[in-house]
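# Coordinate analysis (summary)
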Amino acid sequence: MKKNIAVLPGDGIGPEVVSAGIRVLNEIGRIFNHEFTYTYGKIGGVAIDEENTPLPEATVEICKQSDAILLGAVGGPKWDTLPGHLRPEKGLLGIRKALQLFANLRPVTVYESLSEASTLKEEVIKGVDLLIVRELTGGIYFGEPRERRQQNGEEVVVDTLTYTRSEIERIVRKGFELAAVRRGKVTSVDKANVLESSRVWREVAIEIAKDFPQVELEHMLVDNAAMQLIRNPRQFDVMVTENMFGDILSDEASMLTGSLGMLPSSSLSDGGPGLYEPIHGSAPDIAGKGLANPLATIASIGMMLKYEFSLEKEADAVQQALDTVLSEGYRTADLAREGEKSLSTDEMTDKLLEVLAKVTV
Ligand code: NAD
């Protein structure tokens, strides 16, 4: 198989973890006889510095021409005081919109060997295996108008939450499709007791459920969902929700695993290339120090192999290598307990590659 991957390293630890991901892809290519080629593009702060925009047109083009996109992370204190249209995050929102990446998938799996790394009790998080499906291109992050204005001598601010029915339908359907090949349960998260958009969301979920008789549907208010995620996270299989609720809940859910450095994500469209990235940010506090945990990015490569290229065997090999390095006790600094030895980004990647070669023998 020949695939061309658009690579957007971004800022902070982005380039460090992305280069670890590429080493893993190259090794998968070598072992399984695939050819992966890479085209690099700029996004975020680095693009602002060099091209005065967080998302150059050339980057969008590179992504559109690719088979899949690998992204590091964007942002950092250097760009925090720039005006809204010149913020690194605008690059992220822009690429999601340009490629119509409407479905963000965030699996949260608690590795047995890391269950002590979470701030929650082991008995609460043991065996957690859930998937948050977040709508990514609509809702309050994109609605217009968004503005500050003067009204009766006072400053008034407005953000707007808009969804079309079809936008809700396609994301809820995605949630059901994924649940159908998992444990068969969808929790649709909304705020139907207050928001009109949520009442439509709930209607749509009930309608789509009719096409999936094998999948159980439950509705949950977002405030309750936030609570249930730390009270009893094992109850969840697929949680499907709108953009802002999903943003908040998925970060909360990430802490079930103990470190942001472990969690992958993918953002999918209908037919175009998907975008694969770790969920963590650019971690400016540790950038350039060789301390970044590369495993979230490597797990994102696993998702790319599975969801984008349908390379199940290759994706399984990556997953097995991840399981093995962790169960053998290798840790980066974010995972290590006090007094425990920790590996650098490169050392952890070396270890994983070593294991990968054995797994696939
Ligand atoms: P962050 O995820 O960058 O870091 C939070 C904490 O987790 C930090 O202490 C960091 O050192 C640690 N951490 C994160 N990833 C790690 C890894 N792979 N290995 C080890 N430790 C890791 O979040 P933040 O500090 O709130 O944000 C920093 C910048 O990143 C901001 O500019 C923010 O806007 C941006 N951001 C970008 C994305 C993205 O590109 N998708 C996501 C979140 C935040």
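For clarity, every value in this text was computed on a predicted model and none was experimentally measured.

## Observations concerning empty space enclosed by the protein
Throughout the structure, instances matching the rule amount to one cavity of 30 Å³ or more. Looking at the lining of the largest cavity, the element that brings in the most residues is helix H7 (residues 196-209), giving three residues. Split by residue class, the lining of the largest cavity holds five nonpolar, two polar and two charged.

## Some details on the sheet that holds strand S3 (residues 68-73)
One open sheet holds the ten strands; their spatial order is S2-S1-S3-S12-S11-S4-S5-S10-S8-S9, and the pairing between them is mixed. For this open sheet the edge positions go to strand S2 (35-40) and strand S9 (216-221), each flanked by a neighbour on one side alone. The average angle at which neighbouring strand axes cross in this sheet is 25°, direction not considered. As defined by bridge partners, strand S4 (residues 103-109) adjoins strand S5 (residues 129-135) across seven bridges and the pair is classed as antiparallel. Counted as the bridge partner of Pro107 is Leu131 from S5. Across the sheet, helix H3 (residues 57-64) lies against strand S1 (2-10), S2 and S3, angled at about 150° from S1, the strand it touches most.

## What to know about the packing of helix H10 (residues 295-308) against helix H11 (residues 312-327)
For any two helices packed against each other, one specifies the crossing angle of their axes together with the interaxial distance. Relative orientation of the contacting elements H10 and H11 amounts to 160°, with a least axis distance of 7 Å. Overall, the two elements H10 and H11 adopt an arrangement that is roughly antiparallel. Pair H10 / H11 crosses with left-handed handedness. Between H10 and H11, the residues in contact are Leu295, Ile298, Ala299, Gly302, Leu305 and Lys306 and Glu312, Glu314, Ala315, Val318, Leu322 and Leu326, respectively. Across the contact of H10 with H11, the residue classes break down as eight nonpolar, one polar and three charged.

## With respect to the domain arrangement of the protein chain
Along its sequence, the protein chain is carved into domain 1 (1-106 + 259-361) and domain 2 (129-255). A straight line from the C-alpha centre of domain 1 to that of domain 2 covers 25 Å. Facing 16 residues of domain 1, the contacting portion of domain 2 comprises 16 residues. Buried area between domain 1 and domain 2, summed over both chains or domains, comes out near 1,700 Å², and the portion from carbon and sulfur atoms is 60%. Of all residues in domain 1, the largest losses of buried area upon contact with domain 2 belong to Phe102, Asn104 and Arg106, amounting jointly to 41% of the total for that side. Taken together, domain 1 and domain 2 are joined by one salt bridge.

## What about the packing of aromatic side chains?
Scanning the entire structure with this criterion turns up three aromatic pairs. Between Tyr163 and Trp201 the ring centres are 6.2 Å apart and the planes differ by 65°, which places this aromatic pair in the edge-to-face class. Highlighted residues: Tyr163 in the loop between strand S7 (154-160) and helix H6 (165-180) and Trp201 in helix H7, separated in sequence by 38 residues. Take Tyr163 and Trp201: they sit in the same class, and that class is buried. Across the ring face of Phe142, the terminal group of Lys97 is positioned such that the distance to the ring centre comes to 4.6 Å.

## Some details on the pairing of S3
Of all the six residues making up S3, six are buried; the element is thus mostly covered by neighbouring parts of the structure. Bridge count for S1 against S3 is five bridges, and the pairing is parallel. Among the inter-strand pairings, Gly10 is bridged to a residue of S3, identified as Ala73.

## Comments concerning the site of the ligand
Around the ligand, 21 residues are found, and the nearest of them are Val74, Glu89, Gly281, Ala283 and Asn293. Taking Val74, its main chain carries an N or O atom lying 2.9 Å from an oxygen atom of the ligand. In the environment of the ligand, an oxygen atom lies 2.9 Å from a nitrogen or oxygen atom belonging to the side chain of Asp285. Surface burial for the ligand is 68%, taken as the share of its 800 Å² of free accessible area covered by protein chains.

Cut-offs applied
Residues numbered from 1 in each chain as written. Predicted model: local features only at pLDDT ≥ 70, side-chain atom pairs only at ≥ 80, totals over all residues. Heavy atoms only, no water. 1 Å grid on protein atoms, 1.4 Å probe; cavity = no way out; pocket = protein on both sides within 12 Å on 5 of 7 lines; lining within 4 Å. Points joined across faces, edges and corners; volume = space filled by probe spheres on them. Helix = DSSP H or I, 4+ residues; strand = E, 2+ residues; numbered from the N terminus. Nonpolar A, V, L, I, M, F, W, Y, C, P; charged D, E, K, R; others polar. Pairing = 2+ DSSP bridges. Axes fitted to C-alpha atoms, helices over the stretch in contact; angles between N-to-C directions. Contact = heavy atoms within 4.5 Å. Parallel < 35°, antiparallel > 145°, perpendicular 65-115°, else oblique. Left-handed = near helix turned anticlockwise from the far one by under 90°. Domains from an automatic or database assignment. Buried area = accessible area lost by both parts, 1.4 Å probe. Salt bridge = Lys/Arg side-chain N within 4 Å of Asp/Glu carboxyl O. Phe/Tyr/Trp six-rings, centres within 6.5 Å; stacked < 30°, edge-to-face > 60°. Buried < 20%, exposed > 50% of the residue type's maximum accessible area, 1.4 Å probe, protein only. Lys NZ or Arg CZ within 6 Å of the ring centre and 35° of its normal. Near = heavy atom within 4 Å. Polar contact = N/O pair within 3.5 Å; in protein donor to acceptor, adjacent residues only side chain to side chain. Areas by Shrake-Rupley, 256 points an atom, 1.4 Å probe, with all protein chains shown as cover.

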